[in-house]
Amino acid sequence: MFKSYPALKICRLATDRKYHGEGIGTMMVNMIVVSYQSDNKAGCRFITVDAYAHSLPFYYKQGFVPLSKEDEDSPTRLLYFDLENIC
């Protein structure tokens, strides 16, 4: 059902534990958003991520939202970020 929406998928995003809380992950997500905001040659509308449960607060803080309630109690959750909301 959702395969028809043009999206960029973040597959692996991590920072070394000794750098947690220093804003590096936020800078990486912002770099991706800004690059698609300024020059979206791929025509993507969304950014998606399969986030581990322990990483959900980070992605929520970045503006990602759950795609559905079906994976609410799963070890990973499919989230999306709508690029149109920032343009």
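The following refers to the structure shown. Treat the numbers as computed from the prediction; the structure is a model and nothing was measured.

## Some remarks on the overall build of the chain
Looking only at helices and strands, the chain features two helices and four strands. The order of α-helices and β-strands along the chain, N terminus first, is β-α-β-α-β-β. In terms of C-alpha radius of gyration, the chain reaches 13 Å, essentially the compact-globule figure of 12 Å for 87 residues. Overall size of the chain, expressed as C-alpha extent along the three principal axes, is 35 × 30 × 20 Å. Among the 87 residues that make up the chain, the fraction classed as buried is 25%.

## Focus on helix α1 (residues 24-38)
Side chains that are three or four residues apart share a direction in an α-helix, a result of its 3.6 residues per turn. Its 15 residues give α1 an end-to-end C-alpha distance of 21 Å, which sits within 8% of 21 Å, the value for a rise of 1.5 Å per residue. Among the residues of α1, those classed as buried are G25, V29, I32 and V33. Relative to the axis of α1, the buried residues are bounded by an arc of 95 degrees and lie together on one face. In α1, the exposed residues that point more than 90 degrees away from the buried face are M27, M31 and S38. On its buried face, α1 is in contact with β1 (7-10), β2 (46-52), α2 (56-62) and β4 (76-82).

## Quick notes on the nonpolar core
Soluble globular proteins tend to pack their nonpolar side chains together in the buried interior. Residues I47, V49, F64 and L79 are the most contacted members of the largest nonpolar core, which totals 14 residues. Within the residue set of this core, elements represented by two or more residues are α1, β2, α2 and β4. If near-sequence neighbours (up to four positions away) are discounted, I47 is found in contact with L8, I10, I32, V33, F64, L79, Y80, F81 and L83.

Quick notes on the rules
Residues numbered from 1 in each chain as written. Predicted model: local features only at pLDDT ≥ 70, side-chain atom pairs only at ≥ 80, totals over all residues. Heavy atoms only, no water. Helix = DSSP H or I, 4+ residues; strand = E, 2+ residues; numbered from the N terminus. Rg over C-alpha atoms; globule rule 2.2 N^0.38 Å. Buried < 20%, exposed > 50% of the residue type's maximum accessible area, 1.4 Å probe, protein only. Expected span 1.5 Å × (residues − 1). Arc of directions from axis to C-beta. Contact = heavy atoms within 4.5 Å. Core = buried A, V, L, I, M, F, W, Y, C linked by side-chain atoms within 4.5 Å.

Shape is all these values report; function is a separate question.
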